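Each chain, letter by letter, is given below.
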Amino acid sequence: TSTKVKPPGMFDVVFYNDNKTYHQFVVLILMQLYGKDYETATEITDMIHEKGKKAVATYTYEVAAAKRDETVTTARMNGYPLRVELEPNSGDVQ
């Protein structure tokens, strides 16, 4: 008998817009923690601002949860209320 292994589910790391977290801070987080270049990070941050939320990266659940936690911890250490959540992969990641 053969057992088929199902690939792990992928999860989006989703950033939410707020009125307190500076645009430039979000750009820096995307560059430092998610490996985005400045132009891409700026475009993503603009989309978060315009649409209210945006998936910024997709990983397996464990990696996505670690990235979310690292992002939230860094934001809180800098006094920002940035909201970050995980959602099943939507296919809408830049």
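Reference entry: report on the structure contained in this document. Because the structure is a prediction, the values reported are computed rather than measured.

Right, let's get into the environment of L28. Structurally, L28 is set in helix α1 (residues 23-34). As a C-alpha pair, L28 and Y38 span 10 residues in sequence and 8.1 Å in three-dimensional space.

This next bit is on the pattern of salt bridges. Taken as a whole and assessed by the stated rule, the structure comprises 3 salt bridges. When the shortest N-O distance is used, the salt bridge between R68 and D69 registers 3.0 Å. R68 gets classed as partly exposed once you look at its relative accessible area, which sits at 22%. Here E85 makes a salt bridge to R83, at a shortest N to O gap of 2.9 Å.

What follows is about α1. Over its 12 residues, α1 runs 16 Å from end to end, which matches the ideal 16 Å to within 8%, given 1.5 Å per residue. F25, V26, V27, I29, L30, L33 and Y34 are the residues of α1 that are buried. Check the buried side of α1 and you find it contacts β1 (10-16), α2 (38-51), β2 (53-60) and α3 (61-77). Phi turns positive one or two residues past the end of α1, at G35, with a value near 70°.

Analysis parameters
- Residues numbered from 1 in each chain as written.
- Predicted model: local features only at pLDDT ≥ 70, side-chain atom pairs only at ≥ 80, totals over all residues.
- Heavy atoms only, no water.
- Helix = DSSP H or I, 4+ residues; strand = E, 2+ residues; numbered from the N terminus.
- Salt bridge = Lys/Arg side-chain N within 4 Å of Asp/Glu carboxyl O.
- Buried < 20%, exposed > 50% of the residue type's maximum accessible area, 1.4 Å probe, protein only.
- Expected span 1.5 Å × (residues − 1).
- Contact = heavy atoms within 4.5 Å.

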